[in-house]
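Observations on the three-dimensional arrangement
Each chain, letter by letter, is given below.
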Amino acid sequence: DQQVKQNSPSLSVQEGRISILNCDYTNSMFDYFLWYKKYPAEGPTFLISISSIKDKNEDGRFTVFLNKSAKHLSLHIVPSQPGDSAVYFCAASASNYGQNFVFGPGTRLSVLP
Amino acid sequence: DAGVIQSPRHEVTEMGQEVTLRCKPISGHNSLFWYRQTMMRGLELLIYFNNNVPIDDSGMPEDRFSAKMPNASFSTLKIQPSEPRDSAVYFCASTFSGQTVSKNIQYFGAGTRLSVL
């Protein structure tokens, strides 16, 4: 049973518009969340993170929102650029899990020029 | 600054053969992770080491899989015997885990694409 879910396997967005990628989790012990981005033939690279003591974290065009009561987080990319086309993984961890991250299955984002 | 280095990048082998995947973590990192990526299950954690000691191997699928970390700069993931269902991309990642419980970013290698025929 997946503890971290990304229910949209793929998403297409027009260049310049907003991309919203969603992630849901089931384990209430999770207290730290990350987004990783992966290009073909490369390993995932860290994008942005958020601790459960916050509900929003922003880094340039990327903003992550956390709704703890709904066990939901989302990644907003504004404005979307063709170079953002990649697979995005949501990951979660808990303080008592050591350094373990649990990854979602990923969402493939395509930004159309 | 060299990142996590994995070898080989691609491996094609026949069912029943032994396969060894290699990983060199980032210098100074003390935690190392092996993941497997498949279309069906996404990124799954197989095993992770802290200070060269296996901490959690609950993700290792079965006894055919084994992993070692003989020193801080090298780890191997071995599959013996290999089966077609082991075909996947295998990633290694490393991080530095300090004394406090802090969420350190994991840095991934480029992966090894394994095809078992």
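All figures in this text were calculated on a predicted structure; none of them were measured in a lab.

**Considering the overall build of chain B**
In terms of regular secondary structure, chain B is built from zero helices and eleven strands. In chain B, the succession of helices and strands from N to C terminus is β-β-β-β-β-β-β-β-β-β-β. Structurally, chain B occupies a C-alpha span of about 45 × 30 × 25 Å along its principal axes. Classification of the 117 residues of chain B by burial places 47% in the buried group. For chain B, restricting intrachain contacts to residue pairs at least 6 apart in sequence, the fraction spanning at least 24 positions comes to 55%. Element-wise, carbon and sulfur atoms account for 50% of the exposed surface of chain B, whose accessible area totals about 6000 Å².

**A few points about the sheet that holds strand β8 (residues 74-79) of chain B**
Residues and elements named next belong to chain B. Across the sheet, four strands lie side by side as β1-β3-β8-β7; this open sheet has antiparallel pairing. Because the sheet does not close on itself, it has two edges, and the strands there are β1 (5-7) and β7 (65-71). Mean inter-strand twist for the sheet, computed between neighbouring axes without regard to direction, equals 15°. Pairing of strand β3 (residues 19-24) with β8, which is carried by five bridges, proceeds in the antiparallel orientation. Bridge assignment links leucine 21 to a residue of β8, and that residue is leucine 77.

**Let's talk about the pairing of β7(B)**
Residues and elements named next belong to chain B. The sheet contact formed by β7 and β8 spans five bridges and is antiparallel. The residue of β8 that forms the bridge with alanine 67 is leucine 77. As consecutive antiparallel partners, β7 and β8 are separated by two residues.

**A look at the pattern of salt bridges**
All names here are of chain B. Under the definition given, this model contains nine salt bridges over all chains. Measuring nitrogen to oxygen at the nearest pair gives 2.7 Å for the salt bridge that ties aspartate 86 to arginine 64. Of this pair, aspartate 86 sits in the loop between β8 and β9 (88-95) while arginine 64 sits in the loop between β6 (53-56) and β7, and the two are 22 residues apart along the sequence. Under the relative-accessibility criterion, aspartate 86 is labelled buried at 1%. Relative accessible area serves as the criterion here: at 11%, arginine 64 is assigned to the buried category.

What counts, and at which threshold
Residues numbered from 1 in each chain as written. Chains lettered and ligands numbered in written order. Predicted model: local features only at pLDDT ≥ 70, side-chain atom pairs only at ≥ 80, totals over all residues. Heavy atoms only, no water. Helix = DSSP H or I, 4+ residues; strand = E, 2+ residues; numbered from the N terminus. Buried < 20%, exposed > 50% of the residue type's maximum accessible area, 1.4 Å probe, protein only. Contact = heavy atoms within 4.5 Å. Areas by Shrake-Rupley, 256 points an atom, 1.4 Å probe, with all protein chains shown as cover. Pairing = 2+ DSSP bridges. Axes fitted to C-alpha atoms, helices over the stretch in contact; angles between N-to-C directions. Salt bridge = Lys/Arg side-chain N within 4 Å of Asp/Glu carboxyl O.

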